[in-house]
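Each chain, letter by letter, is given below.
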Amino acid sequence: MDLFDLTLHELHTKLKTREVSSHEATSAMLARISTFEPQINAFITVTPEKALADAAAADKRIAAGEMSCLTGIPLALKDIFLTEGILTTCGSRILNNFVPPYSATSYEKLKEQGVVLLGKLNQDEFAMGSSNESSAFGVVRNPWNIDCIPGGSSGGSAAAIAARQATVTLGTDTGGSIRQPASHCGCVGLKPTYGRVSRYGVIAYASSLDQVGPLTRDVTDCAIMLQAIAGHDPKDSTSVNIAVPDYRAALTGDVKGLKIGLPKEYFIAGLDPDVQAAMDRAIETYRRLGAEFVDISLPHTDYAVASYYLIATAEASSNLARYDGVRFGHRAGQTEGLLEMYSKTRSQGFGSEVKRRIVLGTYALSSGYYDAYYVKAQKVRTLIMRDFIQAFEGVDVIMTPVAPTPAFKIGEKTNDPLQMYLSDIFTIPVNLAGTCAMSIPAGHSTNGLPIGMQLIGKPFGEETILRAAYAFEQATEWHTMKAPL
Amino acid sequence: MKITTADVEYVARLARLDLSNEEKCLFAGQMDAILGYVEKLNELNTDGILPTSHAVPMENAFREDRIQPSIGVEKALANAPDPVLNFYRVPKVIE
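A brief structural summary.

1. A closer look at the overall build of chain A
- The helix and strand tally for chain A stands at 15 helices and 11 strands.
- Its C-alpha atoms give chain A a radius of gyration of 21 Å, within 12% of the compact-globule value 23 Å for 485 residues.
- When its C-alpha atoms are laid out on the principal axes, chain A stretches across 65 × 55 × 45 Å.
- Within the span of chain A, comprising 485 residues, buried residues form 67% of the whole.
- A separation threshold of at least 6 residues defines the contact pool for chain A, and within that pool the share at least 24 residues apart is 76%.

Following this line, the structure appears as structure tokens:
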């Protein structure tokens, strides 16, 4: 097995026993990146010098016996995470020269453990998209089939795992942006409960929905990464001061008596037959392992996409007001007066999808429409949250597909934003409810594309979904399959 | 409901966006479809339902008012498109 194929925990063992050095693992990854980047385009910025310096520091730490489970692990971050001294674009032209003066808390926490930064990953512009086609730095291709999208918005984060260009990655999830690409690229992706992980230093899209999470090759790696980034941060007043449990201890393999809810609203007529078949097989697997299934209802599911696209765009229109050409980023040249400087800067710097969402969000917040759209959407959000609270009175975990179809073709939905938005129909309700959910590999379509299964947990119930995911992973081999590169 | 290019123009001005005529036409049609879709929210009776602005119940997070180190002028200006001395220079606002 090549070094780039190893999971985080496997590589950790080899680093610990000195069978390999971080320098060797990092070099193998950098070589892999050079080979496949022309095809996949998972990275916006590769940082080979920084990576080799980080690896040398990690090897010193390992030699001194000061190692944690992340020391020397080569990883990459979605380009939405601020990294001090390293270009951070958020997939946008408007930030194509932005070098942040400080780093995101989640990256600071990983740095303390001595990780190796390979680079910054491609994404939809400002995390707005479900296909990674809205990046100003080109589309990312799905390593399983390069004619297909990798999913979005953390498309680079998922494709880099599938192409084995990084051992683990971080992404962000506002309406499915970790889980949907994880599903399409056959990796594990976790969106923690809102408030579980600090958002400090993460470029804001929709602040009441955004959350940071890991994309990994298996569930054990996911638990290790969550452990590293979870916890209260005084710099993020929405991060919650609740003790962080030992996530790895939750990986017992035992799901006997676990009550899994199947919401009827998620098993709809339009569901792709391959996705349905994967879900049916997963149910059989869990039954064999001793879990119990309960039919449940989340009655307001069908209203989630509508509620989300009003709330998220409204918040985005406000968050993106800061890109005005004054303090950082692109500024339009040759303008007359301040107002023209603002509007020319923003029109040149933002791509089409970002402009569309700013316009929609501004409309929803504008005088005369605020109550009819924005407040109405927030009220429906309350109903969607209540659906989950009621459902979790009777079950421990809710199981659903991640996406209605496997990865679609590049270009297939670019001209129809509404169809694109509807591809997040199964992931969006979780963000509105603020709870946690993960995507794990659960099958392949007849044409060989990965299919993910979503496990939704109670707020701060990450241990339970990790336990359920781990038991499934132990019983199946989907997570071991590799993209044909 | 029919979104016109004038509606798009008005909102774009509020958002400080300078859209081309093609963009205005495109967005008007797409917004019309999207807002038509979100009309379905009106199928639900939300009388007496409180709006949710935040998924996790929390109160104001206070901290002690203590002076802490900040990034400093040099770093703060490092990304400025047009810095002058310790300032960000912008086009003239007042004649």
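2. Side note on the sheet that holds strand E7 (residues 259–263) of chain A
Residue and element names in this part refer to chain A.
- Read from one edge of the open sheet, 11 strands run E1-E3-E2-E4-E6-E5-E10-E11-E9-E7-E8, paired in mixed fashion. Looking at strand neighbours, the two that pair on one side only are strand E1 (43–46) and strand E8 (292–296), the edges of this open sheet. Strand-to-strand twist in this sheet, taken as the mean axis angle between neighbours without regard to direction, amounts to 30°.
- Pairing between strand E4 (residues 168–173) and strand E6 (residues 211–216): five bridges, direction antiparallel. The partner of aspartate 173 across the bridge, within E6, is glutamine 211.
- Along the sheet, helix H4 (residues 105–112) makes contact with strand E2 (74–78), strand E3 (116–121), E4 and E6, crossing E2 at roughly 175°.

3. With respect to the packing of aromatic side chains
- Per the counting criterion, the structure on display carries 14 aromatic pairs over all chains.
- Relative to tyrosine 369 of chain A, the ring of tyrosine 363 of chain A has its centre 4.5 Å away and its plane inclined at 25°; by these criteria the two rings are stacked.
- By relative accessible area, tyrosine 363 of chain A is classed as buried at 4%.
- Among the residues examined, tyrosine 369 of chain A registers a relative accessible area of 31% and is labelled partly exposed.
- Among the aromatic residues, those joined into a cluster by ring pairs are Phe98, Phe126, Tyr323, Phe328 and Phe350 of chain A.
- Over the aromatic face of phenylalanine 4 of chain A sits the side chain of arginine 32 of chain A, whose NZ or CZ is 4.3 Å from the ring centroid.
- Of note, lysine 40 of chain B hangs over the ring of tyrosine 303 of chain A, and the distance from its end group to the ring centre comes to 5.7 Å.

4. Points about the nonpolar core
All names here are of chain A.
- If you look at the biggest cluster of nonpolar residues, it comprises 144 residues, and the most contacted ones within it are Phe126, Tyr286, Met399, Met438 and Leu455.
- When sequence neighbours within four positions are dropped, the list of residues in contact with methionine 438 reads Arg179, Val188, Gly189, Leu190, Val219, Cys222, Met453, Gln454, Leu455, Ile465, Leu466 and Ala469.
- In terms of nonpolar packing, the next biggest core, distinct from the first, is built from 19 residues, Leu30, Ala42, Ala55 and Ala166 among them.

5. Quick word on the interface of chain B and chain A
- Taken together, the contacts link 49 residues of chain B with 63 residues of chain A.
- A per-residue breakdown of the area chain B buries against chain A is headed by Tyr37, Leu41 and Asn79 of chain B, which together make up 12% of the total.
- Our enumeration of links across chain B and chain A arrives at five salt bridges.
- A salt bridge links aspartate 18 of chain B to lysine 344 of chain A, with the shortest nitrogen-to-oxygen separation between them at 3.2 Å.
- Our count for the chain B to chain A interface comes out at 18 residue pairs in polar contact (both at pLDDT 80 or more).
- Contributions of two or more residues to the side of chain B that touches chain A are made by helix H1 (5–14) and helix H2 (21–38) of chain B.
- The dominant element in the side of chain B that touches chain A, judged by the number of residues it contributes, is H2 of chain B, at 10 residues.

6. A few points about the state of the cysteines
Residues and elements named next belong to chain A.
- Here the structure, examined in full by the defined rule, presents zero disulfides over all chains.
- This cysteine, cysteine 90, is not joined by any disulfide, and cysteine 185 carries the nearest cysteine sulfur, 19 Å off.
- Taking the relative accessible area as the measure of exposure, cysteine 90 reaches 0% and is therefore buried.
- Note on cysteine 222: no disulfide assigned, nearest cysteine sulfur contributed by cysteine 187 at a separation of 10 Å.
- Looking at cysteine 222, the relative accessible area reads 0%, which means it is buried.

7. As for helix H9 (residues 304–319) of chain A
- The terminal C-alpha atoms of H9 of chain A lie 22 Å apart, and with 16 residues this matches the ideal 22 Å at 1.5 Å per residue to within 8%.
- With 15 of its 16 residues buried, H9 of chain A lies for the most part within the structure.

8. Describing the pattern of salt bridges
- This structure, assessed with the given rule, holds 20 salt bridges over all chains.
- The residue glutamate 64 of chain B makes a salt bridge to arginine 66 of chain B at a minimum N-O spacing of 3.4 Å. Here glutamate 64 of chain B and arginine 66 of chain B have matching classes, each one exposed.
- Salt bridges here are not isolated pairs; linked through shared partners, they connect Asp5, Arg164 and Lys482 of chain A.

9. Side note on the pairing of E4 of chain A
All names here are of chain A.
- Most of E4 is tucked away: six of the six residues are buried.
- Along E4, one buried face is formed by Val168, Leu170 and Thr172 and the opposite face, lined by Thr169, Gly171 and Asp173, is buried too.
- Of the pairings in the sheet, the one linking E2 to E4 comprises three bridges and is parallel in character. Considered in E4, the bridge of leucine 75 is made with valine 168.

Reading the values: the criteria
Residues numbered from 1 in each chain as written. Chains lettered and ligands numbered in written order. Predicted model: local features only at pLDDT ≥ 70, side-chain atom pairs only at ≥ 80, totals over all residues. Heavy atoms only, no water. Helix = DSSP H or I, 4+ residues; strand = E, 2+ residues; numbered from the N terminus. Rg over C-alpha atoms; globule rule 2.2 N^0.38 Å. Buried < 20%, exposed > 50% of the residue type's maximum accessible area, 1.4 Å probe, protein only. Contact = heavy atoms within 4.5 Å. Pairing = 2+ DSSP bridges. Axes fitted to C-alpha atoms, helices over the stretch in contact; angles between N-to-C directions. Phe/Tyr/Trp six-rings, centres within 6.5 Å; stacked < 30°, edge-to-face > 60°. Lys NZ or Arg CZ within 6 Å of the ring centre and 35° of its normal. Core = buried A, V, L, I, M, F, W, Y, C linked by side-chain atoms within 4.5 Å. Buried area = accessible area lost by both parts, 1.4 Å probe. Salt bridge = Lys/Arg side-chain N within 4 Å of Asp/Glu carboxyl O. Polar contact = N/O pair within 3.5 Å; in protein donor to acceptor, adjacent residues only side chain to side chain. Disulfide = S-S within 2.5 Å. Expected span 1.5 Å × (residues − 1).

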